[in-house]
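What follows is the residue order along each chain.
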Amino acid sequence: MGLKLELITEGLSKPIYLCSPKGIKNELYIVEQRGQIIKIDSTGNKKKFLNIRKKVKTPTFPGDERGLLGMAFHPNYKKNGYFFVNYIDNSENTIISKFKYDNKNEVFKETILLKIKQPYSNHNGGQLDFGSDGYLYIGLGDGGSSGDPDKNAQNLTNLFGKILR
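The structure displayed is predicted, hence computed values, not measured ones.

## Observations regarding unusual backbone geometry
Part 1 of the reasoning: Phi is positive for Lys14, close to 55 degrees, though the residue is something other than glycine.
Part 2 of the reasoning: Position of Lys14 among the secondary structure elements: in the segment before strand S1 (15-19).
Part 3 of the reasoning: Classification of Lys14 by relative accessible area gives partly exposed; the value is 22%.

Pasting the structure below:
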């Protein structure tokens, strides 16, 4: 059994994650670090799904770990329209937001669930996913710099360096 690669699309800007909602076939969503989510349909057409570039800290160099960092669809997205994102805002905060997508009007409503000031510009984490228990899991980095100098991951009184549920 071999591996087969297939080009899905071109012309993306710093794509960092690919996902699709449960129960919806032939739709892919690509998270671009600069603050956009691109939807690709079954015919290969791409369309901007979400654009929060004005809210997101624009990565300034190739290894920059800020920007739009993660996305997860609610397990019942098909019915409720909820999805979640993790991004670094222009004030250097990690933002975990729930978005409600209104398919009829193609508008989004953002509810910020968590806001944490980042001490450094790297090690910000970003992964979001729903577990088999139905809960959202949030991977937060240790807050940055080399070797976790603030010992955030070992400190149980802060959220850095943890997986939150």
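After presenting the structure, the write-up continues.
## Observations regarding the pairing of strand S2 (residues 28-32)
Part 1 of the reasoning: Within S2, four of the five residues are buried, which leaves the element mostly enclosed by the surrounding structure.
Part 2 of the reasoning: Direction of pairing for S2 relative to strand S3 (residues 36-40): antiparallel, over a ladder of five bridges. When the bridges of S3 are listed, Ile30 appears paired with Ile38.
Part 3 of the reasoning: Once S2 ends, the chain turns through three residues before running back antiparallel as S3, passing Gly35 with a positive phi of about 115 degrees.

## Details of the pattern of salt bridges
Part 1 of the reasoning: Per the counting criterion, the structure on display carries five salt bridges.
Part 2 of the reasoning: With a shortest N-O distance of 3.5 Å, Glu27 and Lys39 are connected by a salt bridge. Highlighted residues: Glu27 in the loop between S1 and S2 and Lys39 in strand S3, separated in sequence by twelve residues.
Part 3 of the reasoning: When the shortest N-O distance is used, the salt bridge between Asp64 and Arg66 registers 2.8 Å.
Part 4 of the reasoning: Judged by relative accessible area, which is 8%, Arg66 ranks as buried.
Part 5 of the reasoning: A single network of salt bridges, built from pairs that share partners, joins Lys57, Asp64, Arg66 and Glu92.

## Describing the nonpolar core
Part 1 of the reasoning: Membership of the largest hydrophobic core comes to 18 residues, with the highest contact counts inside it found for Ile37, Phe49, Met71, Phe83 and Val85.
Part 2 of the reasoning: At the level of secondary structure, the elements contributing two or more residues to this core comprise S2, strand S4 (46-51), strand S5 (68-73), strand S6 (82-88) and strand S7 (93-102).
Part 3 of the reasoning: If we ignore the near neighbours within four places in the chain, the residues touching Ile37 are Tyr29, Ile30, Val31, Lys47, Lys48, Phe49, Leu50, Leu68, Met71, Phe83 and Val85.
Part 4 of the reasoning: Listed in part, the eleven residues of the second largest apolar core include Phe84, Phe130, Ile138 and Leu140.

## What to know about the sheet that holds strand S11 (residues 163-164)
Part 1 of the reasoning: Taking strand neighbours across the sheet as the criterion, the three strands line up as S9-S10-S11 in an open arrangement whose pairing is antiparallel. Strands with a single pairing partner mark the edges of an open sheet, and in this sheet they are strand S9 (128-130) and S11.

Calculation rules
- Throughout this description, residue numbers start from 1 for each chain and increase along the sequence as written.
- Only residues with pLDDT of 70 or above have their local features reported here, since the model is predicted, and side-chain atom pairs are shown and tallied only from 80 upward, although totals for entire chains, interfaces and linings are computed over all residues.
- In computing side-chain properties, one takes all heavy atoms of the structure into account and sets aside hydrogens as well as water.
- The numbering of helices and of strands both runs from the N terminus, where a helix is a DSSP run of H or I of at least 4 residues and a strand a run of E of at least 2.
- The rule is simple: take the accessible area with a 1.4 Å probe, protein chains only, and divide by the maximum for that residue type; under 20% is buried, over 50% is exposed, in between is partly exposed.
- At least two bridges found by DSSP between two strands are what make those strands a pair.
- Take a side-chain nitrogen of Lys or Arg and a carboxyl oxygen of Asp or Glu: if they are within 4 Å of each other, that pair is a salt bridge.
- Residues belong to one nonpolar core when they are buried, are Ala, Val, Leu, Ile, Met, Phe, Trp, Tyr or Cys, and are joined through side-chain atoms within 4.5 Å.
- We call two residues in contact whenever any of their non-hydrogen atoms come within 4.5 Å of each other.

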